[in-house]
Every structure is written in C-alpha cells, then in structure tokens.
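Architecture and fold: a report
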Amino acid sequence: MKQVSGTCPLSRQQVIQQYFLEHRARLLDVAAFLDRLDRSSDSGEPDFREIALRQALTVLADDQPHRTARILHLLSDHTTDLPQSAHGMKGALGAVRLGEGAAT
Amino acid sequence: MKYIDPHIHMVSRTTDDYQRMAQSGCIAITEPAFWAGFDRSSAQGFFDYFRQLTEYEPRRAALFGIQHFTWLCINPKEADDPAFARDVIAIIPEFLKCDTVLGIGEIGLNKNTRNELIILEEQIALAETHNQLILVHTPHLEDKLKGTRLIMDALSASSVPPERILIDHVEEHTVAEVLDRGFWAGMTLYPDTKMTPQRAADVIEMYGSERIWMNSAGDWGCSDPLAVPKARLELRRRGHSAELVDRVTFDNPRSFLSQSPKFRLQGQ
C-alpha cells in the first residue's frame, strides 16, 4: 500500500484538538453497541456481521497504516463467481460470512 | 465561493434544497439516471423519467441560478432483467440529442450478476457508438471491491478511453486501483453508508487531487445535498489551500465534464 506518512497538514496535537471529542463519542457508540449485544434477550450464536466487526476491531488496534482500507477489505466479498441473476438475493449487508467470500 | 455537485438526484429533493445549494455556492449540478427506490413496471416509466431529467429539472434548477445537466441509462439494479433493460436502452438515443445530456450513467453493477454485467457491456457499447462520456456506479458495501474490479475490466475491454470515464463511490480500498488504471474517481459523501467529508479529505491527502472529485449523490435516502460545501470546509479547517479546495470541487469536475461539448458554464 502507498506510503502516506506526513500527508495530513495538521500536527498530531492539532488532529487531537480538532477530532478527539467527535471520535471519543463514536468509540463509545461502538462500546455501547457491543454492550447491547451482550445484553440481548437471547444467547444466540454471533451473527457473521458481529464476527466481522470484532475482527475489524483488531485492525483498529494494530497500530499499522491504512486501517480504513484494510477494514474495508476485511468486510468485502472476495469470491470470483458470478450469479446469473439477483432474483431472490438480499441487498448488501456490509460484511460477508466466513466461507462465503470473507477475507481469510 | 462556487462549486459543482457532479452527482446528485434532484428529482428526489425539494426545491428548498436547490435554494440552499445556491446559497452555498453551487452553480452547476449533473444528475445521473438512477433507481427510484422501486422497480418501474415499463420502459414507458423510464421515458417519463428521462423527460423529467431533460425538461423539468433544468427549469427548476434555473430558478436558483443553477445549471442542470444529466446522464441517462438504465441503472444497475433494474438492469438485472436483460429483456426489460434492452427496452429501456432502445429509447436512450433519442434523448442523447438533448442539450443537457452529457453521457451514459450511472451504469455499473449492483449485486455483481451476469445479467447486470451483460447490460453494463451493452451500455458501454452505447456510449462507444454515440461517443458519450460514462459515469459509473459501483456497488455498495461488501460488493464494492469485487464489483469495481469487474466494471473496470469491462470498461478496459472497450474502446472508450479511461479519461472519459468517471468511476464513482470509490472508497479507501478501491480508489488507488481506479486512479492507477487511468480512470477518474468520484467520492460520494453520504451520512451513513459511504464517505464522510473527513474521510474524503483523508483520501485527497493520501492519493492527491488529480482526476478526483466529490459529490453528495443526494437522493431519496438519508443524504445531504450540502455535503460538498461541508467537505470544502473540512479541507479548509485542515489548512489546505483555497486552490486545492477549488480544484477538487470545481476545476476537476469542470475539466472532466467539459469533455462533453454540451457542458458549458454560463458566465465562466
């Protein structure tokens, strides 16, 4: 992937000043979502989207560049086959089931 | 301050939106043909829609000093029925003569099916035959990466030069491939499912400001017709020059769109 260090004109401190509160709130939204899953009224198996989200969280914390692109890759369909028609198919769901095109 | 929103679906927006866009500096828009939120029952439905795009919307936009241009096609979602799609494609050539039609769009894929791909190839051929620019819709969410690559392969197999094609709705995992293959790239600023103005600014910082534009794609869903001026503000907040801000929100769309002889901005 492209080398992108130093491309944002803001200093590290300026980035924090400008965006910290907004992203603090978004992080708490994610935390609350996971808490909500834990508190759900049944103890069903995790949905594939929950599994994908938890995988994505490890990317967030890995301290490597291009987190956004890598998470988008993780959430993408990597199959190469083409169905004939979309008849009966659901709309995009935002993640792919393991074994059905999810990145490994 | 002036800007162009090169992808917005004004048929789904109120007249108030035109007013707010004009007050924010919008001087021109281009409106691709798209899925209306429901499948139309006949090609006649598209005929009426194309008349709305070529006759009614330019008049409504002009009330606020905004020039309205359009793109025509059958959208990928309704293209999954090839026989139906061909009935719609057959009525497009008569509309290509209209003064405000810039090309074929937004064509592409939705669920990456063989049927969609067949009709995509036929609409690329339509653009080839009539020497039209192409505006491309790429699929949403998990289908985007695969679909974008399939679309680029289909386009590269045609004789339409990549510099006459804009591939829209790029994100961080597709933008580099689109630009590397010589196409123009569009970023759609959307509150929930696509890019925020902040991420669009990040992409410009990482991948540069050549052959790239941003648009609101405002439509009948949760969307923001003022997304482009918000992105301009985001770039300025980061200290980017007025020249760069104008390049990605005015000069670049003008350069791409001016490849059509019909795209001429009044008073420019």
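Reading the values: rules and limits
- Residues numbered from 1 in each chain as written.
- Chains lettered and ligands numbered in written order.
- Predicted model: local features only at pLDDT ≥ 70, side-chain atom pairs only at ≥ 80, totals over all residues.
- Buried ≥ 20, exposed ≤ 12 C-beta atoms within 10 Å, placed from the backbone.
- Helix = DSSP H or I, 4+ residues; strand = E, 2+ residues; numbered from the N terminus.
- Pairing = 2+ DSSP bridges.
- Right-handed = clockwise from strand over helix to strand, strands pointing away.
- Axes fitted to C-alpha atoms, helices over the stretch in contact; angles between N-to-C directions.
- Contact = placed C-beta atoms within 7 Å.
- Domains from an automatic or database assignment.
- Nonpolar A, V, L, I, M, F, W, Y, C, P; charged D, E, K, R; others polar.

**A short note on the pairing of strand β8 (residues 212-215) of chain B**
Residue and element names in this part refer to chain B.
- Because side chains alternate across β8, one face comprises the buried residues Ile212 and Met214, and the other comprises Trp213 and Asn215, equally buried.
- As judged from the four bridges shared by strand β7 (residues 184-188) and β8, these two strands associate in the parallel manner. What sits directly across from glycine 186, in β8, is tryptophan 213.
- As for the winding sense of the linkage, the β-α-β connection from β7 through helix α8 (residues 197-207) to β8 is right-handed.

**A short note on the sheet that holds strand β3 (residues 67-72) of chain B**
Residues and elements named next belong to chain B.
- Judged by pairing direction, the sheet is parallel, and its eight strands sit side by side in the order β1-β2-β3-β4-β5-β6-β7-β8 without closing on themselves. Looking at the sheet topology across the chains shown, the edges are occupied by β1 (3-5) and β8. Between one strand axis and the next, the sheet turns by 25° as a mean value, whatever way the strands run.
- In the packing of helix α9 (residues 227-237) onto the sheet, the strands contacted are β1 and β8, and the crossing angle to β1 comes to about 135°.

**Focus on unusual backbone geometry**
Residue and element names in this part refer to chain B.
- That bond from glycine 105 to glutamate 106 is cis: its omega, -5°, falls within 30 degrees of zero.
- Within the secondary structure, glutamate 106 sits in strand β4 (residues 101-108).
- For alanine 217, which is not glycine, the phi dihedral falls at a positive 50°.
- Since 27 C-beta atoms lie within 10 Å of it, alanine 217 is described here as buried.

**Considerations on the domain arrangement of chain A**
- Per the domain assignment, the segments of chain A are domain 1 (7-44) and domain 2 (45-104).
- For domain 1 of chain A and domain 2 of chain A, the distance between their C-alpha centres works out to 20 Å.

**Digging into the interface of chain B and chain A**
- Across the boundary between the two partners, chain B contributes 27 residues, which contact 25 residues of chain A.
- Within the residue set of the side of chain B that touches chain A, elements represented by two or more residues are α5 (114-130), α6 (144-156) and α8 of chain B.
- Looking at side-chain class alone, the side of chain B that touches chain A contains six nonpolar, eight polar and 13 charged residues.

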